[in-house]
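Summary of the model geometry
Listed below are the residues making up each chain.
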Amino acid sequence: MDHSDAIPGGKLPLKQKLLYGTGDISVSVPLAILMFFQLYFLTDVAGLNPAHAAWAVMIGRVWDAVNDPWFGIISDRFRTRWGRRRVILLFGAVPLGVGFMLMWQVPALPEFYLTAYYTLTFIVFNTAFTFIRLGYYALLPELTSDYDERVNLNAYLMFYSICGSIGSIIFVTILGWYVTEPRSLYSIIGVALGALVILPPFIVFNVTREPRRDHEPPPLPFWAAVKATLTNRLFWRVMVIYTLSWTTVSIIAANLIYFITYYFQIPEQSSYFVLVAQGAALVFIPVWVWITKKLDKRKAFMLGMGYWTLILLAISTLRPGQVILAYLLSLLSGAGIANAYVLPWSMIPDVVEQDRLDTGQRREGSYYAFASFSQKLATGAALWVMGQALALVGYINPVDGAAYMNQPENVNAVIRLFMGPVPALFLIAALIVAWRYPVTREKHLEMRDKITAAG
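Residues numbered from 1 in each chain as written. Predicted model: local features only at pLDDT ≥ 70, side-chain atom pairs only at ≥ 80, totals over all residues. Heavy atoms only, no water.

Tallying secondary structure elements over the chain gives 18 helices and zero strands in all. Here the C-alpha atoms of the chain give a radius of gyration of 21 Å, agreeing with the 23 Å that 2.2 N^0.38 yields for 455 residues. Overall, the chain is about 70 × 45 × 40 Å in size when its C-alpha atoms are taken along their principal axes. Across the chain, contacts joining residues at least 24 apart in sequence account for 85% of those joining residues at least 6 apart. When the accessible area of the chain is evaluated, it comes to approximately 17500 Å², of which 69% is carbon and sulfur surface. Computed over 35 positive and 28 negative side-chain charges, the separation of the two mean positions in the chain equals 5 Å. (Helix = DSSP H or I, 4+ residues; strand = E, 2+ residues; numbered from the N terminus. Rg over C-alpha atoms; globule rule 2.2 N^0.38 Å. Contact = heavy atoms within 4.5 Å. Areas by Shrake-Rupley, 256 points an atom, 1.4 Å probe, with all protein chains shown as cover. Lys, Arg positive; Asp, Glu negative; His and termini not counted. Charge placed at Lys NZ, Arg CZ, Asp CG, Glu CD.)

What follows is the structure, given as structure tokens:
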């Protein structure tokens, strides 16, 4: 164990970055399956009315959002022989996997009780997911204080994130070739991937160390910590940027399978579009890291969001039958997805440094928690609106696959709306907020020098 209070500067060993990055698999795999398949599973496999499915998702996400800031602030107060963050990974891994397994079963219950079952299992899973996600991401600023190395380390995380997403989609696709009964398919997906996500937190626990805090002042009282977090103006800007960009990712992910199945009427290719977009995002991650080094986080983010807005608007104008063009635009969309993965999350360590200047403490958990709170609440609300809109315009739950090609025209109009114009508005708002993001590379170096001088 490193007994220094200081956070290491400079580059981290390649082996440590590679092994630390594996922890994102426990975040990305369940997150990808939830984003792309949860709403569809609830409506087209479990058979819930879209309005009821939307409530199950919304209630689960509201709980998930609410427990984030509470746990984030509490985690900043942890003092254990394993540190503040690694201890969470040690004890949260198994509940995460088991909770995920339960979400994809279809018990023989009436619709009201089935809705309650999915709401409850989503709450159980999200509680464990909060523990793992916050513990893992809040560990990142503890590993290095270097501006560019944090972007680089975040790129490793996002590499594993997209690999986890792609790998899980490939698994679902191949498994679907052999298991054609939908309920059995999703049950196997839940058990297999639930078992997979248990392992990475133990790897991260063993390859990382947290700086020992022998001289750190006593933690702020709970409500004082909440106030200090919510009065940080830089954090509000980052939180809005992160929330808007990730809500866009979530809306597109949840809507894509409906878009391909019902608007394009090629349900057998829905997973292929996911793989094209995510595969392109994987390729573009190092491109955005390079662009960020040439420019800075603000300019690189704005460039990516402006580009992605145009691509999404182009996708919403596609007509059924324009399959090749749809694949091309999905490929180009990967660059925007990669930007949303890498840049907003890499801004949060800047907030942590600013807060340390203001409070004299390191409160990574609080900031990652409130950012996650905002993103989950906004995403839950957006998906609730989408589910309610589908129900309102007459979405038809499939019976033995018969409804795949026969949704009302108004349903397809709503699906197209959530594929282009709605997420484009989110991206434009994020771009406007990012325009005044103040932390350049020079500003960050100035903050580090002040922290070092303060001891």
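To continue, consider the pattern of salt bridges. Summed over all chains, the structure comprises one salt bridge. Linking aspartate 350 and lysine 297 is a salt bridge whose minimum nitrogen-to-oxygen distance equals 3.1 Å. Remark: lysine 297 occurs in helix 13 (residues 297–316) and aspartate 350 occurs in helix 14 (residues 323–359); sequence separation between them is 53 residues. A relative accessible area of 0% means that aspartate 350 is categorised as buried. (Salt bridge = Lys/Arg side-chain N within 4 Å of Asp/Glu carboxyl O. Buried < 20%, exposed > 50% of the residue type's maximum accessible area, 1.4 Å probe, protein only.)

So, on to unusual backbone geometry. Even without being glycine, glutamine 265 reaches a positive phi, approximately 60°. Mapped onto the secondary structure, glutamine 265 falls in the loop between helix 11 (233–263) and helix 12 (270–294).

Right, let's get into the environment of methionine 447. Examined against the element boundaries, methionine 447 turns out to sit in helix 18 (residues 441–454). Accessibility expressed as a relative area gives 2% for methionine 447, which makes it buried. Placed 93 residues apart in sequence, methionine 447 and glutamine 354 show a C-alpha to C-alpha distance of 7.0 Å. Once residues within four sequence positions are removed from consideration, methionine 447 is found in contact with Asp350, Glu353, Gln354, Leu357 and Val439.

Taken over all residues, the pLDDT of the chain has a mean of 84, while the share at 70 or more is 92%. Counting contacts from residues 1–6, a segment whose pLDDT is below 50, to residues more than four positions away or on other chains yields 17 contacts. (pLDDT = per-residue confidence, 0-100.)

Our focus in this paragraph is the packing of helix 2 (residues 25–45) against helix 11. Axis separation between helix 2 and helix 11 bottoms out at 9 Å; the angle between their running directions is 45°. Comparing the axis directions of helix 2 and helix 11 gives the class oblique. For the element pair helix 2 and helix 11, the recorded crossing hand is right-handed. Judged by residue contacts, Leu31, Met35, Phe36, Phe37, Leu39, Tyr40, Thr43 and Asp44 of helix 2 engage Trp246, Val249, Ser250, Ala253, Ala254, Leu256, Ile257, Tyr258 and Tyr262 from helix 11. A class-by-class count of the residues in the contact of helix 2 with helix 11 yields 14 nonpolar, two polar and one charged. (Axes fitted to C-alpha atoms, helices over the stretch in contact; angles between N-to-C directions. Parallel < 35°, antiparallel > 145°, perpendicular 65-115°, else oblique. Left-handed = near helix turned anticlockwise from the far one by under 90°. Nonpolar A, V, L, I, M, F, W, Y, C, P; charged D, E, K, R; others polar.)

Our next topic: the side chain of asparagine 412. Checked against the element boundaries, asparagine 412 lands in helix 16 (residues 409–417). Given the relative accessible area of 8%, asparagine 412 is considered buried. Once residues lying within four places of it in the same chain are set aside, the contact partners of asparagine 412 are Tyr262, Tyr263 and Gln407.

Geometry of an aromatic ring pair is reported as the spacing of the ring centres plus the angle between the planes. In this structure the tally under the stated criterion is 23 aromatic pairs. Chaining the aromatic ring pairs together yields one cluster made of Phe37, Phe41, Phe100, Trp104, Tyr117, Tyr118, Phe125, Phe129 and Tyr186. Above the face of the phenylalanine 205 ring, arginine 86 is positioned so that its terminal group lies 4.2 Å from the ring centre. (Phe/Tyr/Trp six-rings, centres within 6.5 Å; stacked < 30°, edge-to-face > 60°. Lys NZ or Arg CZ within 6 Å of the ring centre and 35° of its normal.)

Moving on, we get to the nonpolar core. The biggest cluster of nonpolar side chains holds 139 residues, and the ones touching the most others in it are Tyr20, Phe37, Trp104, Tyr186, Tyr258 and Trp308. Take this core: its biggest share by element is 20 residues, from helix 11. In contact with phenylalanine 37, other than residues within four places in its own chain, are Trp104, Ile169, Val172, Tyr186, Ile257 and Ser271. (Core = buried A, V, L, I, M, F, W, Y, C linked by side-chain atoms within 4.5 Å.)

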